[in-house]
Amino acid sequence: QREKKLKDAAKLFEEANQLAGQSGKALLALESGMKLGETLLGTRQASKAADVLSQVLNMARNIKAPAQERAVASMLAQAHGAQQNFEAALQASTRTLELTRQLGFQQMEAVDTYNVGLFNLMLKRPSEAVALFKQAQDKVTGTANPNFMKELLFNLGMSQIQLGEKNAGESNIRDALPKA
């Protein structure tokens, strides 16, 4: 039932995107394109989402809408990651982080830095991953989402173990596990 509703929504967003584009309404085309990409991600159509989001990313750049470009780049990184196209995911997540910093979105910097680290880890670059995970840890503001912290500590620990930093890695993994 939910899946069908999402597919119906995707069709409507696609139609809205085409109509807005044909009538020269760039911001409306951008917004509907973003919603289409998000809906495609929600229905696990990562390949189609990546195609749509790549076009929408160019649109956001062309009309100089950095906040929307950041959101689209973030979704594009997810789409590429879901397809295990980690190099493209790294490029998109790096752009997301650049825009986050330019826009001063400090509350998003830890997660965006973590994502760049994660895609480095997936590309078997543990040194880069460790440095980025530590940066992400330093950027955590206030009370961080406990699930995010578990994921961060776990992946930091796994990266450290790959580098031969066994004690530090095991300590971070222990910190990521729920207390018994």
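K.L.:
Please clarify how the packing of helix 4 (residues 66-82) against helix 5 (residues 86-103) should be interpreted in this entry.
P.N.:
For any two helices packed against each other, one specifies the inter-axial angle together with the distance between the axes. Contact geometry of helix 4 with helix 5 gives a least axis separation of 8 Å together with a crossing angle of 155°. Taken together, the axes of helix 4 and helix 5 are roughly antiparallel relative to one another. Our pair here, helix 4 against helix 5, has a crossing hand that is left-handed. Across from Pro66, Ala67, Glu69, Arg70, Ala73, Ser74, Leu76, Ala77, His80 and Gly81 in helix 4, the residues of helix 5 making contact are Phe86, Ala88, Ala89, Ala92, Ser93, Arg95, Thr96, Leu99, Thr100 and Leu103. Within the contact of helix 4 with helix 5, the residues separate by chemical class into 11 nonpolar, 6 polar and 3 charged.

K.L.:
When you look at helix 9 (residues 166-176) in this model, what are you seeing that I'm missing?
P.N.:
Two residues of an α-helix separated by three or four positions point the same way, owing to the 3.6 residues in each turn. Every buried residue of helix 9 is listed here: Gly169, Asn172, Ile173 and Ala176. One side of helix 9 carries all its buried residues, which in axial view fall inside an arc of 100°. In this structure, helix 9 carries Asn167 and Arg174 as exposed residues pointing more than 90 degrees from its buried face.

K.L.:
Can you walk me through the pattern of salt bridges in this structure?
P.N.:
Between side chains of opposite charge, pairing is possible as soon as their charged atoms come close. Tallying each qualifying case throughout the model produces 9 salt bridges. Two residues, glutamate 87 and arginine 125, come together in a salt bridge whose shortest N-O distance is 3.0 Å. Taken together, the positions of glutamate 87 in helix 5 and arginine 125 in the loop between helix 6 (106-122) and helix 7 (126-139) put the pair 38 residues apart, joining distant regions of the chain. Here glutamate 87 falls in the partly exposed class, since its relative accessible area comes to 34%. In this structure arginine 125 comes out as partly exposed when scored by relative accessible area, which is 27%. In this structure, the salt-bridge partner of glutamate 170 is lysine 166, at a minimum N-O distance of 3.2 Å. You can see glutamate 170 and its partner lysine 166 sitting in helix 9, 4 residues apart, about one turn around the helix. With a relative accessible area of 28%, glutamate 170 lands in the partly exposed category. Through salt bridges with shared partners, a single ionic network connects Arg61, Glu69, Arg95 and Glu98.

K.L.:
Just checking my understanding: could you explain the packing of aromatic side chains for this structure?
P.N.:
Two measures describe an aromatic ring pair: the distance that separates the ring centres and the angle between the ring planes. Counting across every chain of the model gives 3 aromatic pairs. Aromatic side chains tyrosine 114 and phenylalanine 148 sit 5.5 Å apart centroid to centroid with 80° between the ring planes, which places their arrangement in the edge-to-face category. Linking tyrosine 114 in helix 6 with phenylalanine 148 in helix 8 (residues 146-162), this pair joins segments that are 34 residues apart in sequence. Like tyrosine 114, the residue phenylalanine 148 is buried in the burial classification. Among the aromatic residues, ring-to-ring pairing joins Tyr114, Phe133 and Phe148 into one connected group.

K.L.:
How do you make sense of helix 5 when you look at a structure like this?
P.N.:
Compared with an ideal rise of 1.5 Å per residue, which puts 18 residues at 26 Å, helix 5 spans 25 Å between its outermost C-alpha atoms and is within 8% of the ideal. At its buried positions, helix 5 is contacted by helix 4 and helix 6. Glycine 104 sits one or two positions beyond helix 5 and adopts a positive phi of about 70°.

K.L.:
Can you walk me through the confidence of the model for the chain in this structure?
P.N.:
Residues shown with low pLDDT carry predicted positions that ought not to be read at fine detail. When pLDDT is averaged across the chain, the result is 90; 95% of the residues are at 70 or more. The secondary structure element of the chain with the lowest average pLDDT is helix 1 (residues 2-22), at 72, and the one with the highest is helix 5, at 98.

The rules behind each value
- Residues numbered from 1 in each chain as written.
- Predicted model: local features only at pLDDT ≥ 70, side-chain atom pairs only at ≥ 80, totals over all residues.
- Heavy atoms only, no water.
- Axes fitted to C-alpha atoms, helices over the stretch in contact; angles between N-to-C directions.
- Helix = DSSP H or I, 4+ residues; strand = E, 2+ residues; numbered from the N terminus.
- Parallel < 35°, antiparallel > 145°, perpendicular 65-115°, else oblique.
- Left-handed = near helix turned anticlockwise from the far one by under 90°.
- Contact = heavy atoms within 4.5 Å.
- Nonpolar A, V, L, I, M, F, W, Y, C, P; charged D, E, K, R; others polar.
- Buried < 20%, exposed > 50% of the residue type's maximum accessible area, 1.4 Å probe, protein only.
- Arc of directions from axis to C-beta.
- Salt bridge = Lys/Arg side-chain N within 4 Å of Asp/Glu carboxyl O.
- Phe/Tyr/Trp six-rings, centres within 6.5 Å; stacked < 30°, edge-to-face > 60°.
- Expected span 1.5 Å × (residues − 1).
- pLDDT = per-residue confidence, 0-100.

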